Amino acid sequence: MKGMINLNRLPVYILKRYLLLLIGLSIMAFGVAFSIKASLGTSPISSVPYVVSLFAPLTVGTATIIMHCVFIALQILILRKDYYPIQLMQLPVAVFFGYLTDFGVWAVQGINCDAYWQQWLVCLAGILLVAVGVSLEVKAGVVVLAGEGVVLAVCHVLPKIKFGYMKVGFDVTLVVTACILSFVFTGQLQGVREGTVAAALLVGLIAKQIGKFLAGWKLEDC
């Protein structure tokens, strides 16, 4: 029947989904690296790790892994008996994403963006890459990053709160936290600028359009 998955091809089907997830995470990590290189502020999800890397002996990637571990612990506390062990797959995903982010930061270090318009070009490239990565992550449909996992956990225990609103509140909380950490430990605002606002506004919109494009792509037909 049309739409049914051949059980004999199930391992291949699952492998394709995880491969798509890894590709999405790789693209997203480079998007983060581009946003850092632009020096116009990182995306909300990367704002805290970036600021922490400025005053702690940690790379952005390592700080990202630690932050995601905290998010996983929060999910366990929020969901309790409704937390399923399969969700611990977020941990290797976080490690993969963290190390890829560090690799991306290293890979783009040779890019020069001295002029303000050049910074914006690099920033917009980062936003586009993050949006593409998010779209592929959603299309893979196997595991979400721990940040989205926290949002989903809260929505699960508080079903009246819509995911979109909770996601905005979560991102705002991260940005505010990054601002506070920056002022307290560096004495100035770093990591949060106009590029952060642009990322908050554009990533979701671009990812939505890419998602429409990917909607007709059936992994079982590949």
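Everything that follows concerns the structure shown earlier in this document.
Described in the following lines is the structure provided in the data block. Only a predicted model underlies this, so the values are computations on that prediction, with no experimental measurement involved. (Residues numbered from 1 in each chain as written. Predicted model: local features only at pLDDT ≥ 70, side-chain atom pairs only at ≥ 80, totals over all residues. Heavy atoms only, no water.)

Re the overall build of the protein
Next, step 1: Counting its regular elements, the protein contains 8 helices and 0 strands.
Next, step 2: Overall, the protein shows an N-to-C arrangement of helices and strands of α-α-α-α-α-α-α-α.
Next, step 3: Relative to a compact globule of 222 residues, whose C-alpha radius of gyration would be 17 Å, the protein shows 18 Å and is just as compact.
Next, step 4: Overall, the C-alpha framework of the protein stretches about 60 × 40 × 30 Å when taken along its three principal axes.
Next, step 5: Here the protein holds 222 residues, and the buried ones make up 42% of them.
Next, step 6: Of all intrachain contacts in the protein linking residues separated by at least 6 positions in sequence, the fraction that spans at least 24 positions is 76%.
Next, step 7: Considering the protein, the positive charge centre built from 15 side chains and the negative charge centre built from 9 side chains are found 10 Å apart. (Helix = DSSP H or I, 4+ residues; strand = E, 2+ residues; numbered from the N terminus. Rg over C-alpha atoms; globule rule 2.2 N^0.38 Å. Buried < 20%, exposed > 50% of the residue type's maximum accessible area, 1.4 Å probe, protein only. Contact = heavy atoms within 4.5 Å. Lys, Arg positive; Asp, Glu negative; His and termini not counted. Charge placed at Lys NZ, Arg CZ, Asp CG, Glu CD.)

A look at a nonpolar patch on the surface
Next, step 1: Residues Leu54, Phe55, Val168, Val172, Val176, Ile180, Val184 and Phe185 make up a contiguous nonpolar surface patch of about 700 Å² in total accessible area.
Next, step 2: For the nonpolar patch, the secondary structure elements donating two or more residues are helix 2 (44-55) and helix 7 (163-186).
Next, step 3: Among the elements that make up the nonpolar patch, the one with the highest residue count is helix 7 (6 residues).
Next, step 4: Along the chain, the position of Val176 falls in helix 7.
Next, step 5: Val176 sits in the partly exposed class, given a relative accessible area of 43%. (Patch = residues over 30% accessible without salt bridge, like charges linked within 9 Å, V, L, I, M, F, W, Y side chains within 5 Å. Areas by Shrake-Rupley, 256 points an atom, 1.4 Å probe, with all protein chains shown as cover. Salt bridge = Lys/Arg side-chain N within 4 Å of Asp/Glu carboxyl O.)

Section: the side chain of Ser43
Next, step 1: Relative to the assigned elements, Ser43 resides in the loop between helix 1 (10-38) and helix 2.
Next, step 2: Given a relative accessible area of 8%, Ser43 falls into the buried group.
Next, step 3: Apart from the residues within four sequence positions on either side, Ser43 is in contact with Ser35 and Ala199.

Details of the packing of helix 3 (residues 60-79) against helix 4 (residues 90-107)
Next, step 1: With their axes 7 Å apart at the nearest point, helix 3 and helix 4 run at an angle of 160° to one another. The pairing of helix 3 with helix 4 is recorded here as roughly antiparallel in orientation. Once helix 3 is placed against helix 4, the crossing between them reads as right-handed. Counted together, Val60, Gly61, Thr62, Thr64, Ile65, His68, Cys69, Ile72 and Gln75 of helix 3 and Gln90, Leu91, Ala94, Val95, Phe97, Gly98, Tyr99, Thr101 and Asp102 of helix 4 form the full contact between these two elements.
Next, step 2: Of the residues assigned to the contact of helix 3 with helix 4, the class counts are 9 nonpolar, 8 polar and 1 charged. (Axes fitted to C-alpha atoms, helices over the stretch in contact; angles between N-to-C directions. Parallel < 35°, antiparallel > 145°, perpendicular 65-115°, else oblique. Left-handed = near helix turned anticlockwise from the far one by under 90°. Nonpolar A, V, L, I, M, F, W, Y, C, P; charged D, E, K, R; others polar.)

Considering the nonpolar core
Next, step 1: Counting residues in each nonpolar core, the largest one holds 33 residues, and the members touching the most others are Leu21, Leu25, Met28, Val93, Phe97, Ile127 and Val203.
Next, step 2: Put simply, the parts of the chain that give this core at least two residues each are helix 1, helix 4, helix 5 (116-140) and helix 8 (194-214).
Next, step 3: Broken down by element, this core gets its largest block of residues, 10 residues, from helix 1.
Next, step 4: Contact partners of Ile127, with chain neighbours within four places excluded, come to Gly195, Ala198, Ala199, Leu202, Val203 and Ile206.
Next, step 5: Val52, Ala63, Phe71 and Phe170 belong to the second-largest nonpolar core, a separate cluster that totals 22 residues. (Core = buried A, V, L, I, M, F, W, Y, C linked by side-chain atoms within 4.5 Å.)

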